[in-house]
Amino acid sequence: MKQFKSILITIKIRQDVYKILPFITLLSLSLISCQNDDKAVNSETEAESAFVLGYINATPEGEIYYMSVHKEIPSELDISQAVEVGLDVELRALGENVYTFNPGASTITKWEVNKTTLEMQVVRVLSYASTGISFGLSNIFSSETESYLSDLEEGLVMEWNPTTMSITEVYDVGSHRFALLENVRTRQNRGFSLNGNPAWPIKWQYNQCCEHTNPEPGALIGVFDVISKTFNYYSDNRILSADNQHGEDENGNIYVPAARDDAFHKEYWNLGADSNLVNKGILKVNSDGQFDPNFLIDLDEVFNDKITMFGGIVSIYENQFLINYHYRESGLSDEFNNRWDIWDTEGQFALVDGSTKEVTQFNGFDGMDLAGAWSLTTIDGVNYLGASRTGWEDALLLRQDSRDTYSIISEFPGSNGEFNRLAELW
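Rules of the game
- Residues numbered from 1 in each chain as written.
- Predicted model: local features only at pLDDT ≥ 70, side-chain atom pairs only at ≥ 80, totals over all residues.
- Heavy atoms only, no water.
- Helix = DSSP H or I, 4+ residues; strand = E, 2+ residues; numbered from the N terminus.
- Contact = heavy atoms within 4.5 Å.
- Areas by Shrake-Rupley, 256 points an atom, 1.4 Å probe, with all protein chains shown as cover.
- Disulfide = S-S within 2.5 Å.
- Pairing = 2+ DSSP bridges.
- Phe/Tyr/Trp six-rings, centres within 6.5 Å; stacked < 30°, edge-to-face > 60°.
- Buried < 20%, exposed > 50% of the residue type's maximum accessible area, 1.4 Å probe, protein only.
- Lys NZ or Arg CZ within 6 Å of the ring centre and 35° of its normal.
- Salt bridge = Lys/Arg side-chain N within 4 Å of Asp/Glu carboxyl O.
- Axes fitted to C-alpha atoms, helices over the stretch in contact; angles between N-to-C directions.
- Polar contact = N/O pair within 3.5 Å; in protein donor to acceptor, adjacent residues only side chain to side chain.

A.B. asks: Would you explain the overall build of the protein in this entry?
C.D. replies: In terms of helices and strands, the protein carries 3 helices and 29 strands. Sequence-distant contacts, at least 24 apart, represent 51% of the contacts inside the protein between residues at least 6 apart. In the form shown here, the protein has an accessible surface area of approximately 20,900 Å², with 44% of it arising from carbon and sulfur atoms.

Structure below.
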């Protein structure tokens, strides 16, 4: 109902003037109602911005994944207001849509977000159960109509269309060299993009302790060329194994750290002649997927062996590698089954210059009591990190304010989980 800007009512005063008072009253109430209706409509404006958060709450049954959309990032999460999407699920955002990947169900779900209420609604579900792919956490978007999901243990890459939610083709690319080895367990990286081509490092480790000979060692990465539809594996035997995480600097250069488990191999396994491999190192990946032969940071060397476990690359900024590590003078536990107890201690952080290898102790997390931190994303030039306090009970979301300072902008207390994804939808 449109609001009346002006109303002219001429009333000839008669003795029965009181007879028209009910009409005047009704008209006045109607005008007020119209004004209120207009205000209600105008109040339902679209949100100027929207951020999607994906986070994990660890339970005895497994890691339950939640997601929620906010106009501004909340200072503390409330999972009662979030969408629960299942166990071991992964979230990705493309444009204004959210996609969740459920490897247990072999499905990809596309969600849209109401721009006024920020409520999430399922648009469509794509099943890839028929492809033979069992790994669902490796997706890389190339465009609005082209995306790639891989399972390199099975040697498969699936091309699919995020717009139509349909499978384009499944490519048999061959299993990697660690696949199906009896004494080896592998884990595939979530991946990254190299010049528009999806790439996935492979992490391997022994299944059991402790007298195995080393399979062919080395960092391993698989790259799919989206133009030629061909696939190549590249390796570097200067380190024992690549981790299933990576680091990226502000210029888009990709760096792969040695696996955290590599610290265990020298301590507990008999590696024979391979014991001189770098087990706490960082490699650089060139744009074609080859490892840069001229780049290697050996953290045992630059720290003078004052590092027990390498926790990973936190961020890279102005050629300064912010790394997470744990050091205990007595080393790792004497008992293999207690090897991860060092991971529960308070983490230490340092900056390593990528050129000079100079080490500077980092104090930007002082007072936060962090066990570990990791890169999540960059939004409008600002870096955001996931982190956990010592004991891994409280999950934190950090924002980089300068090269040397970070602040806590959101918390998920008592989750035993982590902030897993952050994206700006619009």
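Read on for the rest.
A.B. asks: Which parts of the structure should I look at to understand the state of the cysteines?
C.D. replies: Put plainly, a disulfide is one covalent bond tying together the sulfur atoms of two cysteines. For the structure shown, the criterion picks out 1 disulfide. Each disulfide pairs two cysteine sulfurs, and for cysteine 209 the partner residue is cysteine 210, the sulfurs being separated by 0.8 Å. Torsion about the S-S bond of the cysteine 209 and cysteine 210 cystine: about -50 degrees, corresponding to left-handed handedness.

A.B. asks: Help me out: how do you make sense of the sheet that holds strand S17 (residues 247-248) in this one?
C.D. replies: Pairing between sheet strands relies on hydrogen bonds along the backbone, with the strands arranged either parallel or antiparallel. With antiparallel pairing, the 4 strands of this open sheet are ordered in space as S17-S18-S19-S20. Only two strands of the sheet have a single partner each, and these edge strands are S17 and strand S20 (291-298). Here S17 runs beside strand S18 (residues 254-257); their pairing, made up of 2 bridges, is antiparallel. Bridging across to S18, glycine 247 finds its partner in tyrosine 255.

A.B. asks: Please explain the packing of aromatic side chains as it appears in this structure.
C.D. replies: By convention here, two paired aromatic rings are described through the distance between centres and the angle between planes. Counted by the stated rule, this structure contains 28 aromatic pairs. With a centroid separation of 6.0 Å and an interplanar angle of 80 degrees, the aromatic rings of phenylalanine 362 and tyrosine 406 are classed as edge-to-face. Placement of phenylalanine 362 in the loop between strand S24 (359-361) and strand S25 (370-379) and of tyrosine 406 in strand S28 (residues 406-412) is noted, with a sequence separation of 44 residues between them. Take phenylalanine 362 and tyrosine 406: they sit in the same class, and that class is buried. Ring-pair connections join several aromatic residues into one group, and the members of that group are Phe178, Trp204, Tyr206, Phe264, Tyr268, Trp269, Phe336, Trp340, Trp343, Trp374 and Trp392. Above the face of the tryptophan 426 ring, lysine 115 is positioned so that its terminal group lies 5.1 Å from the ring centre.

A.B. asks: For this particular structure, what's the right way to read the pattern of salt bridges?
C.D. replies: Where side chains of opposite charge bring their charged atoms close, a pairing between them can arise. Evaluated as defined, the whole model comprises 16 salt bridges. Between aspartate 261 and lysine 203 there is a salt bridge whose closest N-O contact spans 2.7 Å. In this pair, aspartate 261 is assigned in the loop between S18 and helix H2 (262-268) and lysine 203 in strand S14 (residues 197-206), connecting sequence segments 58 residues apart. Taken as a pair, aspartate 261 and lysine 203 share a single burial class, namely buried. Notably, a salt bridge pairs arginine 328 with aspartate 341, separated by 3.2 Å at the nearest N-O pair. With arginine 328 in the loop between strand S22 (320-326) and strand S23 (348-353) and aspartate 341 in the loop between S22 and S23, the pair connects residues that are 13 residues apart, well separated along the chain.

A.B. asks: Is there a simple way to think about the sheet that holds S24 in this case?
C.D. replies: Spatially, 4 strands are ordered S21-S22-S23-S24 in an open sheet, and the strand pairing comes out antiparallel. Among the strands making up the open sheet, the edge pair consists of strand S21 (309-317) and S24. Each adjacent strand pair in this sheet contributes to an overall mean axis angle of 30 degrees, direction not counted. Bridge analysis of S22 against S23 gives 6 bridges, and the strand direction is antiparallel. What sits directly across from asparagine 324, in S23, is phenylalanine 349.

A.B. asks: For this particular structure, what's the right way to read the environment of serine 415?
C.D. replies: Position of serine 415 among the secondary structure elements: in the loop between S28 and strand S29 (418-424). On the accessibility criterion, serine 415 (0% relative accessible area) is buried. A sequence separation of 20 residues divides serine 415 from alanine 395, and the C-alpha atoms of the two residues are 6.5 Å apart. In this view, serine 415 contacts Ile56, Asn57, Ala58, Glu393 and Ala395; residues no more than four positions away in its chain are not counted.

A.B. asks: Would you explain the pairing of strand S6 (residues 107-113) in this entry?
C.D. replies: Side-chain direction in a regular strand flips from residue to residue, so the side chains alternate between the two faces of the sheet. In terms of burial, S6 is largely enclosed, as 6 of its 7 residues are buried. The pairing of strand S5 (residues 97-102) with S6 spans 5 bridges and is classified as antiparallel. Bridge assignment links valine 98 to a residue of S6, and that residue is tryptophan 111. In this structure, the hairpin formed by S5 and S6 is closed by a connection of 4 residues, where serine 106 is found at a positive phi of approximately 55 degrees. Joining the antiparallel neighbours S6 and strand S7 (residues 120-127) is a turn of 6 residues, in which leucine 118 adopts a positive phi near 65 degrees.

A.B. asks: I keep staring at the side chain of lysine 203 and nothing clicks. Help me out?
C.D. replies: Overall, the relative accessible area of 6% leaves lysine 203 in the buried class. A polar contact is formed between the side chain of lysine 203 and the side chain of aspartate 261, at a distance of 2.7 Å. Discounting chain neighbours no more than four positions away, the residues touching lysine 203 are Arg185, Thr186, Arg187, Ser241, Ala242, Asp243, Asn244, Ala259 and Asp261.

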